[in-house]
Amino acid sequence: MKRVFLRALLVGLLAALLLSSGCARKPKVQRGDIEQSALATYVAPGDLDEYYLFYSGGQSGNIYVAGVPSLRHIATIPVFSPYPGNGYGFDKETKAMLGGYTWGDVHHPSMSETAGDYDGRWLFVNDNANNRVARVDLRDFKTKEILGPIPNISGNHGSSFVTPNTEYVLSASRFSIPLPKSTYKPIDQYATQYHGVVSGVAVDSKTGHLSLGWQILMPPFDFDLGSAGKLVSEGWAFWTSYNTERAIGKLEVTSTQKDRDYIAAVNWKAADGAIKAGKFKTLDGAKMIDPRDAPGVVYLVPCSKSPHGVDVTPDGKYFVCSGKLMGITTVFNFDKLQQAIQAKNFTGEEDGIPVVNYDAVKEAEVNVGLGPLHTQFDDKGYAYTSLFVESAVVKWKLGTWEVLDKVPVSYNIGHLSVPGGDTVHPEGKYVLALNKLSHGRHISVGPSQPESSQLIDITGEKMKLLSDAFTEPEPHYAQMIRADRLKPIEVYPQGENKNPNAIWDVKDAKVERNGNNVVVHMTAVRSSFTPTSFDVNQGDHVTIYLTNIEQTTDELHGFGLEEYNLQIVIDPGETKTIEFVANKPGVFAYYCTNFCSALHQEMQGYLLVKPKGGAVSAGMSHLPHTRRTQMAKLGLE
Amino acid sequence: MSGQTAVLTAVGPAVESFLVKEARFFDRPLGLGSRISILAATVLLLPAFFFPLYTMTLYSNQFPDGLNLYIHAGTLKGGQSAARDDLREINSLNHYIGMHPLQEADFTEFQWIPLMLGFFVILNLRSVVVGKMSALVDTLVLFGWFGLFALWHFYDRLYTYGHNLDPTAAVKVKPFTPPMFGSQQMANFTVFNYPGIGTYAMVGFAILLALAILLSARQKRAFGPS
């Protein structure tokens, strides 16, 4: 009977989905409204946006940077995928960081925090596919570190949310597997022999360096998005889970049978304590806590079924969870959770983890609408929840729990983002709807449709849709920070370049041979490379240390090498290492790929690869005529 | 003959009287006002050690805030910001027209200008102590010579940099001399060249010395016997 009801509900939801996405609704808009919205989002030539928007690029492996309110895409930060545009993944340093992977699934960018507020130092982001976490430095908007694949974590989706002082970046398994990795267990042993893991990746507070922190062995649920407690709930971390049925097969059906799934509530300070007390086993190099050995570290809180995330209110008093398949958002009271734990008000357990009494912890159930997913907060006590099925953003009030307003979006919203919307001090000016479908809202681009993002004004009583923008696959979550909070550098100061192979004068350029290794110290400056050519023997291992000796903003140079599949970009003051084996004989041009100056086209040189058999010593064979390179000649000949 | 003698006898006493008057003038002691004025001039010279003597600013569409070059008594400085090193940038751009890079080591001025300024500080202190008009006049005359020489030298520098262009340069421009005072259009740049605080301080120095002379020229023997 219950099964039939659920089927009916599913069909109903499907119909709603089809209806909401199928018909392009064009609400009647007043001319005055259009003008107001246009003025609110227009950034005049030469003017600057008010906020940075960092949004995930999903399976592209990138993070995209846009300005708000214009929603103009400004830059791409490659993280988990090679990106020839910036030469990322072609030089030795970034290649090593990528570790051979050519893609990643970027999901949830998270800004580093101090006292629960964005501090603008780093941006962390997770790779759902290859179980990694990366750190982007917001001083230069560059990926600085990639940790992973993280041991024991499989499907790192519930990541990379940070604790209020960036002690940890959260990480969790979406796809439970037998542990450690490389273990085989038949799929029919899923319920008992497979495991989920929730984890904290430790962040060095000075350098941002990422390392394995604690891991907790969990039942084979699918762990989903998380959120860190703050203020009163500081020291706790929450994740939702689905498939608490421990089912296999078509999860669409098998994992949606129970009315409730769980929030995993982790006392990470207690986890820290358990590690210090030695209550862990080392599993594949990670410190794994078994909850049976360390009571008090983790609890399960029932929530409405198939949730996709949990969000903590700015005051830290409540944690909010929406079950996709029920039209309600549930608000839980952190104090009540503590009381229930004290009173051992439990209704069961899962693999030794107590299940807390739902009724004892629940504060309110808010009837938000169909397919609620994620919630963000503003500074006036309102919450904004995305409704995937209904394709809308709903506004409701904390405390009274009443639903106040709803605005349709186009279409099928996933995440949403308010500036500082996950911190202790949100700025309730905009909410950005990150939608999955966009058809009919833009001139058609064929079957591969982009996603859409929509900016909504939330300063008034009623939310107001301001503008549409279209985004590359695929924005999951985003972080918005006031522009004046970031102070990026635009030039790498010469004094900071500690690369021992950097050279700063064209006179210091040189080509040296040691056996089969040819080492080139090369400069790039408007509008020439030095040396302008060099000889090697086929089969030589070539290393080029390339320094852009410019100290002027925007004077980037590229280094493309024909038919050797190499494309490097060096920013002003930067040194990169290019390594390759010269296995193709012949003459190959290298040239500046990043337009730099009036004589950019002339910025070129030749790699001469002498076929095997001929004896050739490495050296410069061609001397150019400008004063600059004459100086180089003096130093080199 | 007699005419000549007549002229001599007529002019002779006048010349003699003039020379005697001038000798008295140069012997004249300096009054308190003059000495204060000399001290003030000395203090006014100090900024010339620290502030630019000349400021050159190059504006273009790409550099709306202008590339700045500051010529100090003892050094050459470019505008510095986190995103730009103006001296390096100016040299980068100048290499396209084959201009010799501006580098401090090429300028002997940076040794002798501060030395001369120090010299004038000492001469001034000497005037105050010696307290004689002649010392003061010597200083002003020497300073005038120094000032004119420095200006001529600066002009020569501008001329040389603008005319000694590398014939192999990528962009051929007509030899030019940047203005000493004012602006000039060079390709996509508008170049403004104006004296800086240091130069104005030196002008002030000369004016205060002149004032010191005037003050004691009018003075009726306040010090010493007639």
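What you see is a predicted model, and the numbers here were worked out from it, not measured in a lab.

Cut-offs and rules
- Residues numbered from 1 in each chain as written.
- Chains lettered and ligands numbered in written order.
- Predicted model: local features only at pLDDT ≥ 70, side-chain atom pairs only at ≥ 80, totals over all residues.
- Heavy atoms only, no water.
- Contact = heavy atoms within 4.5 Å.
- Buried area = accessible area lost by both parts, 1.4 Å probe.
- Salt bridge = Lys/Arg side-chain N within 4 Å of Asp/Glu carboxyl O.
- Polar contact = N/O pair within 3.5 Å; in protein donor to acceptor, adjacent residues only side chain to side chain.
- Nonpolar A, V, L, I, M, F, W, Y, C, P; charged D, E, K, R; others polar.
- pLDDT = per-residue confidence, 0-100.
- Pairing = 2+ DSSP bridges.
- Helix = DSSP H or I, 4+ residues; strand = E, 2+ residues; numbered from the N terminus.
- Axes fitted to C-alpha atoms, helices over the stretch in contact; angles between N-to-C directions.
- Core = buried A, V, L, I, M, F, W, Y, C linked by side-chain atoms within 4.5 Å.
- Buried < 20%, exposed > 50% of the residue type's maximum accessible area, 1.4 Å probe, protein only.

Observations regarding the interface of chain A and chain B
Turning to step 1, where the next piece is worked out: Each partner contributes residues to the interface: chain A has 17 residues there, and chain B has 16 residues.
Turning to step 2, where the next piece is worked out: When the two sides are added together, the surface that chain A and chain B hide from each other amounts to roughly 1400 Å², 46% of it contributed by carbon and sulfur.
Turning to step 3, where the next piece is worked out: One can count 1 salt bridge joining chain A with chain B.
Turning to step 4, where the next piece is worked out: Measuring nitrogen to oxygen at the nearest pair gives 2.6 Å for the salt bridge that ties Glu-89 of chain B to Arg-526 of chain A.
Turning to step 5, where the next piece is worked out: Connecting chain A to chain B are 9 residue pairs in polar contact (both at pLDDT 80 or more).
Turning to step 6, where the next piece is worked out: Classifying every residue of the side of chain A that touches chain B by side-chain character gives 4 nonpolar, 8 polar and 5 charged.

Description of the confidence of the model for chain A
Turning to step 1, where the next piece is worked out: Residues of chain A with pLDDT of at least 70 account for 91%, and the chain-wide mean is 92.
Turning to step 2, where the next piece is worked out: Below pLDDT 50 for its whole length, residues 621-637 of chain A participates in 30 contacts with residues either more than four positions away or in separate chains.

Details of the sheet that holds strand β14 (residues 281-283) of chain A
All names here are of chain A.
Turning to step 1, where the next piece is worked out: Ordered in space as β8-β9-β10-β15-β14, the 5 strands form an open sheet in which the pairing is mixed. On the outer flanks of this sheet lie β8 (168-172) and β14, each paired with one strand and no other. In this sheet, adjacent strand axes meet at a mean angle of 30° when their direction is disregarded.
Turning to step 2, where the next piece is worked out: Bridging between β8 and strand β9 (residues 196-203) involves 5 bridges; their strand directions are antiparallel. Across the sheet, the residue bridging to Leu-170 is Gly-200, located in β9.

A few points about the nonpolar core
Residue and element names in this part refer to chain A.
Turning to step 1, where the next piece is worked out: Counting residues in hydrophobic clusters, the biggest one holds 29 residues, and the most contacted among them are Trp-214, Ile-216, Met-218, Trp-239 and Val-266.
Turning to step 2, where the next piece is worked out: Per-element accounting of this core gives the leading share, 4 residues, to helix α6 (residues 268-276).
Turning to step 3, where the next piece is worked out: Among all residues touching Ile-216, those that are not within four sequence positions of it are Gly-196, Val-197, Val-198, Val-266, Met-288, Ile-289, Pro-291, Val-297 and Val-298.
Turning to step 4, where the next piece is worked out: Of all hydrophobic cores here, the second largest spans 28 residues; its members include Ala-524, Leu-546, Phe-580 and Met-603.

Digging into the side chain of His-153 of chain B
Turning to step 1, where the next piece is worked out: Looking at the element boundaries, His-153 of chain B is found in helix α6 (residues 133-163).
Turning to step 2, where the next piece is worked out: Overall, His-153 of chain B belongs to the buried group, its relative accessible area being 15%.

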